[in-house]
Amino acid sequence: MKQKAPILSDRLQQEFNKRFGHPPEFIVSAPGRVNLIGEHTDYNDGFVFPVAIDKHLHIAAGKRSDRQVHLHALDMDETCTFSLEAIEDAKTPPWGNYLRGVAHLLQEQVLREIEHTLNGMSAVIAGNVPISAGLSSSAALEVASALAFLGACSLEVADTDMNSDSEIELIEIPPMKLAALCQRAEHEFAGVNCGIMDQSISLLGKADHALFLDCRSLEYKQIPLNLTDILIVICNTNVKRELASSEYNKRRAECEKGVEILQRWMPSITSLRDVTLADFKKYEAELPQITQKRCRYVVEENTRVQNAVDALIAKNINTFGELMNASHAGLRDAYEVSCDELNILVDIAQSIDGVIGARMTGAGFGGCTVNLVYQDTVEEFQDRLMKEYTQRTGIEPDIYICNVGDGARIKWNSHS
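Note that this is a predicted model, so its numbers are computed, not measured. (Residues numbered from 1 in each chain as written. Predicted model: local features only at pLDDT ≥ 70, side-chain atom pairs only at ≥ 80, totals over all residues. Heavy atoms only, no water.)

K.L.:
Explanation requested: the pairing of strand S12 (residues 355-361) in the structure shown.
P.N.:
It is a general feature of regular strands that their side chains alternate between the two faces of the sheet. Counted residue by residue, S12 has seven buried out of seven residues, so it is predominantly covered. Relative to strand S13 (residues 368-374), S12 is paired through six bridges, and the arrangement is antiparallel. The residue bridging Gly-357 from the neighbouring strand is Leu-372, located in S13. Linking two consecutive strands that pair antiparallel, namely S12 and S13, is a turn of six residues; a positive phi of about 95° is found at Gly-362 within it. (Buried < 20%, exposed > 50% of the residue type's maximum accessible area, 1.4 Å probe, protein only. Helix = DSSP H or I, 4+ residues; strand = E, 2+ residues; numbered from the N terminus. Pairing = 2+ DSSP bridges.)

K.L.:
Explanation requested: the sheet that holds strand S10 (residues 220-224) in the structure shown.
P.N.:
As a general point, the strands of a sheet are linked pairwise by backbone hydrogen bonds and lie either parallel or antiparallel. Taking strand neighbours across the sheet as the criterion, the three strands line up as S2-S9-S10 in an open arrangement whose pairing is antiparallel. Looking at the sheet topology across the chains shown, the edges are occupied by strand S2 (47-48) and S10. Across five bridges, strand S9 (residues 209-214) lies against S10 in antiparallel orientation. For Phe-212, the partnering residue across the bridge sits in S10 and is Lys-221. Where helix H5 (residues 197-204) meets the sheet, its contacts fall on S2, S9 and S10, and the angle it forms with S9 comes to roughly 140°. (Contact = heavy atoms within 4.5 Å. Axes fitted to C-alpha atoms, helices over the stretch in contact; angles between N-to-C directions.)

K.L.:
Looking at this structure, I do not really get helix H9 (residues 317-333). What am I missing?
P.N.:
Residues that lie three or four places apart on an α-helix share one face, since the helix turns once every 3.6 residues. The terminal C-alpha atoms of H9, which comprises 17 residues, lie 25 Å apart, in line with the 24 Å expected from a rise of 1.5 Å per residue. All buried positions along H9 are accounted for by Ile-317, Phe-320, Gly-321, Leu-323, Met-324, Ser-327, His-328, Gly-330 and Leu-331. (Expected span 1.5 Å × (residues − 1).)

K.L.:
Hey, could you run me through the confidence of the model for the chain in this one?
P.N.:
Caution applies to low-pLDDT parts of the model: their predicted coordinates are not meant to be read in detail. Per-residue pLDDT for the chain has a mean of 91; in total, 94% of the residues score no lower than 70. Note on residues 1-5: pLDDT is under 50 here. Beyond four places in sequence and across chains, it has four contacts. (pLDDT = per-residue confidence, 0-100.)

K.L.:
Please explain the nonpolar core as it appears in this structure.
P.N.:
Buried together is how nonpolar side chains tend to be arranged in soluble globular proteins. The biggest cluster of nonpolar side chains holds 62 residues, and the ones touching the most others in it are Leu-71, Phe-82, Leu-106 and Phe-149. Considering each element in turn, this core owes the most residues, 10 residues, to helix H3 (residues 137-152). Contact partners of Phe-82, with chain neighbours within four places excluded, come to Arg-67, Gln-68, Val-69, Leu-71, Ile-87, Leu-99, Arg-100, Ala-103 and Phe-149. Of all hydrophobic cores here, the second largest spans 34 residues; its members include Phe-49, Ile-53, Val-309 and Leu-312. (Core = buried A, V, L, I, M, F, W, Y, C linked by side-chain atoms within 4.5 Å.)

Given below as structure tokens:
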């Protein structure tokens, strides 16, 4: 994978030059992510524990002299144009709404404060974060587009890689403010009521570390992984997550309904984050059956995340793996966001000696599993999953051995 990045960068630059008649001024790269544990807790003000992976969304871009935005998605061979004078939702192409939303909110929430105005931008977009796989290609697009729009204004966030170009102005934007802006763009322009985890890790990722994020206070800690002889392996079911967006919103609504009911006995709570397992057991019988199952999973998962972080810090990797396995069982049985293909991948993985833990990751209904695998087991792991999953489903999985990398970065080309 490391060998593909320069090739992709060359393709982007060549396509940009071909379309716009000059080289791009900069290339932004934002990573996808995999969540080791803590699924569907972020929109419940809970805890998550993701890592940034070495799959990225790239935008090669440059400023325009007008207020137009001209975009070309290289992988889809689709073009999108809009004016910054009047940013409105548009149904086609769907990915264009992510950039519309980010542009609108950047102008309203960031640039107006520092008396800047968005410039028009030309851009070519490409990447190797699998789409609809639960690895957060949408958040990578949002984060990359935010940095690209700032770059088109000759602005750069102060805590990204420093540059030596005196024409570039560094501005102070707290990473979590920018993450929240990207999250709001997905809510308002893409119609997905996502939590803040995906945008946060795409911005804040750190090589060989996981991000322990409190989604209420937005406080975070970088936790060293120390996985010297252990690899993170992602397996893609290659099942399209067609139900993910609609069912995601339903799960969020069920959690909110549960909080509303539980507030009759616990008036001080504002989210499931405030509910201990002991308190939940006192009042769970008051909840409708489906709501009860959804809420129980979230309450238990928040505890699992905290225990998993403690286990990793203590270098008790077997306990971490057991918590991953328990997380999958909860997602499958109580939250009901798994599917046959995900369960088959997890079942095969958990049957292999040398696999520490395996679970689905992402919104569910397809997408990927995340697995912690001892290095000397990886070849057997790949062979068995490829063979047995294909036999049982008729689908060939994709398997990615991932490095844990840094968050979003902008690389400036030399100004002519």
